[in-house]
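In case you want the letters, here they are:
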Amino acid sequence: DLIPVVEEVMPLKKDMRVLEIGCGEAGVLKAFIEKGCIATGIELYERRVETAKEYLKEDHDAGRIDFITRNIYDIDVEKDIGHGFDLIVLKDVIEHIPGQKRFIPKLREFLNPNGKVFFGFPPWRMPFGGHQQNLKGKFLSKLPYFHLLPTEMYRSVLKSFGEDQQKIDHMIEIKETGISIGRFEKISKASGYTILKKKHWLFNPIYKFKFGLQPAKQLPIADSVPYLRDFYTTAVYYLIG
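Definitions and limits used
Residues numbered from 1 in each chain as written. Predicted model: local features only at pLDDT ≥ 70, side-chain atom pairs only at ≥ 80, totals over all residues. Heavy atoms only, no water. Helix = DSSP H or I, 4+ residues; strand = E, 2+ residues; numbered from the N terminus. Buried < 20%, exposed > 50% of the residue type's maximum accessible area, 1.4 Å probe, protein only. 1 Å grid on protein atoms, 1.4 Å probe; cavity = no way out; pocket = protein on both sides within 12 Å on 5 of 7 lines; lining within 4 Å. Points joined across faces, edges and corners; volume = space filled by probe spheres on them. Nonpolar A, V, L, I, M, F, W, Y, C, P; charged D, E, K, R; others polar.

Next up on the list: unusual backbone geometry. In this structure, Asn114 takes a positive phi of about 65 degrees despite not being glycine. Inspection of the secondary structure puts Asn114 in strand S5 (residues 111–121). We classify Asn114 as exposed; its relative accessible area is 68%. With a phi close to 60 degrees, His131 is a non-glycine residue in the positive phi region. Note that His131 resides in the loop between S5 and helix H7 (138–141). Here His131 falls in the buried class, since its relative accessible area comes to 12%.

The following block contains the structure:
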């Protein structure tokens, strides 16, 4: 679903180099490989990389994709990779990364001249922007907006409903790194990027597979109200460069 957004600005061509940060099992990169691109995935969890290598065994063996299991701040592009990228993809990742004011400018080191960066993420204030759907408790996992409670109150609610400490720490982490539409645009512009394309969604395209809901773009009148739009926009796509 993100490739059409990218191709509105930069048509994908054979042997274009694509980097995905937080690639998981590399399902997103598979779509780029099918377009003829050469892919690299950065993923910190070795187990997920091993799964990706099995899933894309033929492509991996043919050199159409490789993987790096290292923190982006520990990578020297010239020494460790040897080339830049035409496109960097972050799908449902930026909202988990601390220090976004440092991280977004850092991406320039990985880009070729005229390279672009795609971001897709749920705005923090949207109904399930705290990723509470991943909680084990049925009530809290279906409760919208409660992640917007003050931190200590939020922590207490999670504990009261029986979430274990590891899960609570994870949810607080997400609360601390969640990013709004306005903040993302402000950091991008302050980092010297131009916003080339953006799409805001009333119904996240992924909901088609999760809940059977057809993707729906945000209504222009609803999208025109800064801050408030974060509460009812379930996903945003940006291409910057």
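Picking up where we left off.
Let's shift gears to the layout of surface pockets. In this model, the largest pocket occupies a volume close to 1,700 Å³. Residue lining of the largest pocket: 49 residues in total, with Lys91, Asp92, Val93, Glu95 and His96 positioned closest to the centre. With 5 residues, helix H9 (residues 165–177) is the single largest residue contributor to the lining of the largest pocket. In the lining of the largest pocket, the residues fall into 23 nonpolar, 13 polar and 13 charged.

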